[in-house]
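Structural characterization, general
Each chain is listed here by its residues.
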Amino acid sequence: MQTTQAPTTTTIVPTTTTIPLTSTCLSRCGASFQPQYACQCNTACSSFKNCCPDFSRLCQGRTPERRTTRKTTTIKITAPLPPRKKVSVSDSELSRIITKMWDSDTNAAINGNDFRISVQSRTSFNNKQDKAPSRLFSTVGSHLLQRNTYKSMVALFDNYIPDTGRAERVSRTELQENQKFLDAILQTSVMKEAWRFLYEKGYSPGSSTLFRKQLNDIWFTLYSRQAGKQDSSGFEHVFVGEIKNGKVSGMHNWIRFYMLEKLGKLDYKGYRTQKLPHIIATQFTWNGKWKQVGTFFLGTSPEFEIGLYTICFLTRPNKLCTFNINKTRLKVQTFNVSYLRTKTVASAYPDV
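Everything in this summary refers to the structure shown in the same document. Residue positions within a chain follow its written sequence, with the count starting from 1. Given that this is a predicted model, residues contribute local features only at a pLDDT of at least 70 and side-chain atom pairs are listed and counted only at 80 or more, while totals for whole chains, interfaces and linings are drawn from all residues. Water and hydrogen atoms play no part in the side-chain values, which are based on all heavy atoms of the structure.

Digging into the overall build of the protein chain
Along the backbone of the protein chain there are 11 helices and 12 strands. The contact definition used throughout considers only heavy atoms, calling two residues in contact when any of these lie within 4.5 Å. If you take every contact in the protein chain between residues at least 6 apart in sequence, the share linking residues at least 24 apart comes to 64%. When the accessible surface of the protein chain is totalled, it reaches about 16,400 Å², and 50% of it is carbon and sulfur. Only DSSP runs of H or I reaching four residues or more are called helices, and only runs of E reaching two or more are called strands; each is numbered from the N terminus. Here the open area of atoms and residues is found with the Shrake-Rupley method and a 1.4 Å probe, where only the protein chains shown may cover a residue.

Written as structure tokens, this is what we have:
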């Protein structure tokens, strides 16, 4: 968890950096998305309807070219770029960007290779019989947990008090761990694609500093779930889990589930429903406290889940976010903290 102060990092276009004028594809054909430019010059620009006027003439039919030393007229950017106008996002647009993120998720784990599960028997609501004598996760490869985004996420798991109603105290080391996690995911192609999409649609700023702050506000802002105490955050609820009124609340991350199983603190009781290979709804106890139904993705990387939930949270707040991944229909539900002015996640999870 985290306070809402903005970390200090570089922006996309640092102060006094010289860049070419933004209305031409001259020397830019095939360049990846550049949010400081008003129009783009890559193969995706047709889909996003943001091609530069001379894209067809200069770029189509040509291979991507590297930036050259050709002289261009330049301007100086002396302040962060203004936000773009927010536009509505269709389900088909969500499907395209989320599928692109899914396909580019090089840190995703493969069932049967990086991890193995045993779903065992199906259970039902309020059935407290143990329908699963074995663990859900029979194995998760240690190599996976050494990857930067996984390792930095796992480092956050022991930073929280499970019980709501008890105020969190965030140490300097824990603040640094939060920022290390954001640093790790922001370096991935998955989060870069998510940022590009959100910026183009007007939901996120075009500055790396401001986007990082936006993520920090969404996921690490402290707020109260019980007794007026600053006892929760979006990250804690979704990725770590909480105990409220004697029941498990949240915990929608497969790595967290696996690690608690391995430690003997979580007892898997069976599955409620499944949409393999992507999603499973489980029933379990954590430290003896029940969770009647807990859903999570299987094999997804930390950056994919943060990117997906952030996109759904910003474009479909308090609603079902419906999309396709490679022709598989999926849904995500997000909720915000209604009494805060800052947009902050209250919960986010796959809906089955």
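Focus: the pairing of strand E11 (residues 328–336)
Each regular strand shows side chains that alternate between the opposite faces of the sheet. As judged from the six bridges shared by strand E10 (residues 320–325) and E11, these two strands associate in the antiparallel manner. Counted as the bridge partner of Asn324 is Arg329 from E11. Pairing between strands is defined by DSSP: at least two bridges between the two strands are required. The turn joining E10 and E11, which pair antiparallel and follow one another in sequence, is formed by two residues; a positive phi near 50 degrees is taken by Asn326. By the bridge criterion, six bridges tie E11 to strand E12 (residues 345–351) in an arrangement that is antiparallel. In the sheet register, Asn336 faces E12, and the bridge partner there is Val345.

Considerations on the state of the cysteines
Here, a disulfide means two cysteine sulfur atoms that sit within 2.5 Å of each other. For the coordinates displayed, the defined rule picks out two disulfides. Sulfur-sulfur distance for the disulfide between Cys39 and Cys52 comes to 1.9 Å. Classification of the bridge connecting Cys39 and Cys52 rests on its S-S torsion, roughly 85 degrees, and on that basis the disulfide is right-handed. Remark: Cys52 occurs in the loop between helix H1 (45–48) and helix H2 (55–58) and Cys39 occurs in the loop between strand E1 (18–20) and H1; sequence separation between them is 13 residues. Across the pair, exposure class does not vary: Cys39 and Cys52 are buried alike. Three labels apply to residues, based on accessible area from a 1.4 Å probe with only protein chains included: buried if under 20% of the type maximum, exposed if over 50%, partly exposed otherwise in between.

Details of helix H6 (residues 172–186)
Helix span, expected: 1.5 Å multiplied by one less than the number of residues in the helix. Given a rise of 1.5 Å per residue, 15 residues ought to cover 21 Å, and the 21 Å separating the end C-alpha atoms of H6 matches this to within 8%. Buried within H6 we find Glu174, Asn178, Gln179, Phe181, Leu182, Ala184, Ile185 and Leu186. Taken together, the buried residues of H6 touch helix H5 (148–154), helix H7 (189–200), helix H8 (208–220), helix H9 (234–240) and helix H11 (302–315).

Points about the pattern of salt bridges
Side-chain pairs of opposite charge can arise where the charged atoms are in close proximity. A pair is scored as a salt bridge if a Lys or Arg side-chain nitrogen falls within 4 Å of a carboxyl oxygen belonging to Asp or Glu. The final tally for this structure, using the stated rule, is 11 salt bridges. A salt bridge links Asp91 to Arg316; its shortest N-O distance comes to 2.9 Å. Taken together, the positions of Asp91 in helix H3 (residues 91–103) and Arg316 in the loop between H11 and E10 put the pair 225 residues apart, joining distant regions of the chain. Taking the relative accessible area as the measure of exposure, Asp91 reaches 32% and is therefore partly exposed. Arg316 gets classed as buried once you look at its relative accessible area, which sits at 13%.

Side note on the packing of H7 against H11
For the pair H7 and H11, interaxial distance at closest approach is 8 Å and the crossing angle is 15 degrees. Between H7 and H11, the angle falls in the class roughly parallel. Where H7 crosses over H11, the handedness of that crossing is left-handed. On the side of H7, the interface is formed by Val190, Met191, Ala194, Phe197 and Leu198, while H11 contributes Glu303, Phe304, Ile306, Gly307, Thr310, Ile311, Leu314 and Thr315. Looking at the contact of H7 with H11 residue by residue, the class counts come to nine nonpolar, three polar and one charged. Axes, fitted as lines to C-alpha atoms, cover a helix only where it is in contact. Angles between the N-to-C directions of the axes lie from 0 to 180 degrees. With respect to orientation, any angle under 35 degrees is reported as roughly parallel, any angle over 145 as roughly antiparallel, any angle of 65 to 115 as roughly perpendicular, and every other angle as oblique. Here a crossing is taken to be left-handed if its near helix is turned anticlockwise relative to the far helix by less than a right angle, and right-handed if that turn runs clockwise. Classification used: nonpolar for Ala, Val, Leu, Ile, Met, Phe, Trp, Tyr, Cys and Pro, charged for Asp, Glu, Lys and Arg, polar for all others including Gly.

Distances and angles like these do not, on their own, reveal function.
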